[in-house]
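# Geometric and topological summary
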Amino acid sequence: MVRTRVKICCISSVDEAQLAVRAGADAIGLVGKMPSGPGPIPDAKIKEIARHAPPGVSCFLLTSETSASGVAEHLLRTGASTVQLVQHISLAETLSLDRVLLSTRRVQVIHMEDEGALELISKYEDHVHAFLLDSGRPSAETPELGGTGRTHDWDLSRRFVESTKKPVFLAGGLIPENVGEAIARVKPYGVDVCSGVRSNGHLDPKKLDAFMTAIRHADRHR
């Protein structure tokens, strides 16, 4: 049976991280400084949570840095095992990252605003370990780089999955009630959720359990 990997994002404390792991999360997302959106926490808190993560659980650092040196320094301050690049970076900086991030897994966020997203596969595919498809608007007056709570065109996301050889995480507006349909339509390697398993800004055990149950049910029918 194919198993959809699960990343629980916007983790704000060691307790939340432990709750996500107990529920079956494969990865946790730790949000650094962002121009907008939920979940940013100080680098010291990210480092504390990453230090307590059990073996086998990936800690994703969400960074808005766009230079190789900025990304590398952010990772050094936090000790995360994976970096999630929420903005586009130039080819020169991408090549620099190839040289400096030899042991760190890289995930590139692609915001599925239109079919132009498909053209970005060739730009990044040889330089990242995975993609993450989200519903942000990086070109907005105040850039939206994730955590919007909005879905996007899942048919377009399915085409993205079919067009790349790299694993693809699906994010954007996922909740217990729609994640099964999202998995059936997109067939992603993994899913990523923030607001869809929260109540009043806190990780909600009941919503989290419902989300994981829906994923297991969807996987049985893939």
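Before reading further, recall that the structure is shown in the block above.
Every value quoted in this text rests on a predicted model; they were computed, and no experiment measured them. (Residues numbered from 1 in each chain as written. Predicted model: local features only at pLDDT ≥ 70, side-chain atom pairs only at ≥ 80, totals over all residues. Heavy atoms only, no water.)

### A closer look at the sheet that holds strand β5 (residues 105-111)
The strand order around the closed barrel built from 8 strands is β1-β2-β3-β4-β5-β6-β7-β8, with neighbouring strands paired in parallel fashion. Each adjacent strand pair in this sheet contributes to an overall mean axis angle of 25°, direction not counted. Set on the sheet, helix α2 (residues 43-52) makes contact with β2 (27-31) and β3 (58-63); between it and β2 the angle comes to about 165°. (Pairing = 2+ DSSP bridges. Helix = DSSP H or I, 4+ residues; strand = E, 2+ residues; numbered from the N terminus. Axes fitted to C-alpha atoms, helices over the stretch in contact; angles between N-to-C directions. Contact = heavy atoms within 4.5 Å.)

### Brief notes about the packing of helix α7 (residues 179-186) against helix α8 (residues 205-220)
One can describe the packing of α7 onto α8 by two numbers: an axis separation of 8 Å at closest approach and a directional angle of 35°. When you trace α7 past α8, the crossing you get is right-handed. Across the interface between the two elements, Val179, Gly180 and Ile183 of α7 pack against Phe211, Ala214, Ile215, Ala218 and Asp219 of α8. (Left-handed = near helix turned anticlockwise from the far one by under 90°.)

### Side note on the nonpolar core
Counting residues in each nonpolar core, the largest one holds 55 residues, and the members touching the most others are Ile8, Ile11, Phe160 and Phe211. The dominant element in this core, judged by the number of residues it contributes, is α8, at 6 residues. In this structure, Ile11 is in contact with Glu16, Ala17, Ala20, Ile28, Gly29, Leu30, Ile41, Ile49, Arg198 and Leu203, ignoring residues within four places of it in sequence. Within the second largest apolar cluster, 15 residues are counted, among which are Cys9, Val31, Leu62 and Val107. (Core = buried A, V, L, I, M, F, W, Y, C linked by side-chain atoms within 4.5 Å. Buried < 20%, exposed > 50% of the residue type's maximum accessible area, 1.4 Å probe, protein only.)

### Digging into unusual backbone geometry
The phi torsion at Lys187 lies on the positive side, around 55°, for a residue other than glycine. Tracing the backbone shows Lys187 in the loop between α7 and β8 (190-193). Look at Asn200: it is not a glycine, yet its phi comes out positive at around 55°. Mapped onto the elements, Asn200 comes out in the loop between β9 (198-199) and β10 (202-203).

### Structural notes on the pattern of salt bridges
Note that side chains of opposite charge can pair when their charged atoms are close. Summed over the entire model, instances satisfying the criterion amount to 11 salt bridges. Between Asp126 and Lys165 there is a salt bridge, with the nearest N and O atoms lying 3.7 Å from each other. With Asp126 in the loop between α5 (121-124) and β6 (130-134) and Lys165 in the loop between α6 (154-163) and β7 (168-170), this pair connects stretches of sequence that are 39 residues apart. You can call Asp126 exposed: its relative accessible area is 58%. Here Lys165 falls in the exposed class, since its relative accessible area comes to 62%. Connected through shared salt-bridge partners, Asp155, Glu181 and Arg185 make up one network. (Salt bridge = Lys/Arg side-chain N within 4 Å of Asp/Glu carboxyl O.)

### Here's the deal with α6
Every buried residue of α6 is accounted for by Trp154, Leu156, Ser157, Phe160 and Val161. Seen from one end, α6 has its buried residues packed into an arc of 150°, which puts them on one side. The inward-facing, buried residues of α6 abut β5, α5, β6, β7 and α7. N-capping of α6 is provided by Asp153, with a side-chain oxygen placed 3.0 Å from the backbone N of Asp155. (Arc of directions from axis to C-beta. Polar contact = N/O pair within 3.5 Å; in protein donor to acceptor, adjacent residues only side chain to side chain.)

### Thoughts on the environment of Leu133
Relative to the assigned elements, Leu133 resides in strand β6. Given the relative accessible area of 0%, Leu133 is considered buried. In this structure the C-alpha to C-alpha distance between Leu133 and Met212, which are 79 residues apart in sequence, comes to 20 Å.

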